[in-house]
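Descriptive analysis of the structure
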Amino acid sequence: MRKISLLFLAAFLAGAFFFSGCDTDSGTNPFETIPVPMPIALTGTWEGIIEYGGYKEEYTINAATFTSSFAGVVSYAGSVIDVRLDAFGGGYITIRYTENDWNPGAVGKYYVIHWKNLAGSSIDISGSRDGDGKATLWEAEYEYVIWNGYFSVYSSCVKK
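Let us look at the structure shown here. (Residues numbered from 1 in each chain as written. Predicted model: local features only at pLDDT ≥ 70, side-chain atom pairs only at ≥ 80, totals over all residues. Heavy atoms only, no water.)

As a further point, take the overall build of the protein. The helix and strand inventory of the protein stands at two helices and nine strands. Taken from the N to the C terminus, the helices and strands of the protein come in the order α-β-β-β-β-β-β-β-β-α-β. Counting over 160 residues, the protein shows a buried share of 31%. Contacts spanning at least 24 positions in sequence make up 48% of the contacts within the protein whose residues lie at least 6 apart. Here the protein has roughly 9500 Å² of accessible surface; of this, 61% comes from carbon and sulfur atoms. (Helix = DSSP H or I, 4+ residues; strand = E, 2+ residues; numbered from the N terminus. Buried < 20%, exposed > 50% of the residue type's maximum accessible area, 1.4 Å probe, protein only. Contact = heavy atoms within 4.5 Å. Areas by Shrake-Rupley, 256 points an atom, 1.4 Å probe, with all protein chains shown as cover.)

Have a look at this one:
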């Protein structure tokens, strides 16, 4: 019994020496986001594939601004503050509202958009279900994440 205990202790110590655990700096944490410049593949104008009353939604993305419009009218827009990749092949764009037709009081607040399934000329885009925005960048990026349930409805889009 004593030999087994010593063997187990030696195996445990060897395992502890070689296994350093989940190191979020190396990207092994699936909930971590990684700040990056705006990916070139994201830039451009994206049009929803579903029509609503003869119109399609449209998203225009570049390194400086993000605009969501419908029937040629801007729904909301903002300055791009941060772009982060997630561990699931998608990412987040954080904006500071410069326009918000649904809630003019949100202008100046921070809001997050999530994208996934970016493949050539197609993408799925979802704005947070809370369009009011948050007062600080930190609050918005902490709260508006997939695992908090803010991105349940995506628009499938194609590049124009």
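Let us look at the environment of Asn 62. Topologically, Asn 62 is positioned in the loop between β3 (55-61) and β4 (65-70). The class for Asn 62 is partly exposed, based on a relative accessible area of 32%. When the C-alpha atoms of Asn 62 and Ile 40 are compared, they prove to be 8.4 Å apart, with 22 residues separating the residues in sequence. Leaving out residues up to four positions away in the same chain, Asn 62 has contacts with Met 38, Thr 43 and Val 80. In terms of polar contacts, Asn 62 uses its side chain to reach the backbone amide nitrogen of Thr 65, at 2.7 Å. (Polar contact = N/O pair within 3.5 Å; in protein donor to acceptor, adjacent residues only side chain to side chain.)

Before going further, it helps to spend a moment on the nonpolar core. In this structure, Phe 66, Tyr 76, Ile 93, Ile 95, Ile 113 and Ile 125 are the most contacted members of the largest nonpolar core, which totals 27 residues. Among the secondary structure elements, those contributing two or more residues to this core are β3, β5 (73-85), β6 (91-100), β7 (110-119) and β8 (122-127). In terms of residue count, the dominant contributor to this core is β7 (five residues). The residues contacting Tyr 76, other than those within four sequence positions of it, are Tyr 59, Phe 66, Thr 67, Ser 68, Ile 95, Tyr 97, Glu 99, Asn 100, Trp 102, Tyr 111, Ile 113 and Gly 127. (Core = buried A, V, L, I, M, F, W, Y, C linked by side-chain atoms within 4.5 Å.)

Turning to a nonpolar patch on the surface, a few remarks are in order. A cluster of nonpolar side chains, Ile 49, Ile 50, Tyr 52, Tyr 55, Phe 70 and Val 158, forms an exposed patch at the surface whose accessible area comes to about 560 Å². Take Ile 50: it is sitting in strand β2 (residues 44-52). Judged by relative accessible area, Ile 50 falls into the partly exposed class, the value being 49%. (Patch = residues over 30% accessible without salt bridge, like charges linked within 9 Å, V, L, I, M, F, W, Y side chains within 5 Å. Salt bridge = Lys/Arg side-chain N within 4 Å of Asp/Glu carboxyl O.)

All right, on to the pattern of salt bridges then. One pass over the structure, following the stated rule, counts four salt bridges. Its salt-bridge partner being Arg 84, residue Asp 82 comes within 3.6 Å of it at the nearest N-O pair. The buried category is assigned to Arg 84, whose relative accessible area is 5%. Of the charged contacts in the structure, one is a salt bridge between Glu 141 and Arg 84, with a shortest N-O distance of 3.4 Å.

Before going further, it helps to examine the environment of Ala 140. Among the structural elements, Ala 140 can be located in helix α2 (residues 137-143). Sequence-wise, Ala 140 and Thr 94 are 46 residues apart; in three dimensions their C-alpha atoms are separated by 8.0 Å. Other than its neighbours up to four places away in sequence, Ala 140 contacts Tyr 110, Tyr 111, Val 112 and Lys 134.

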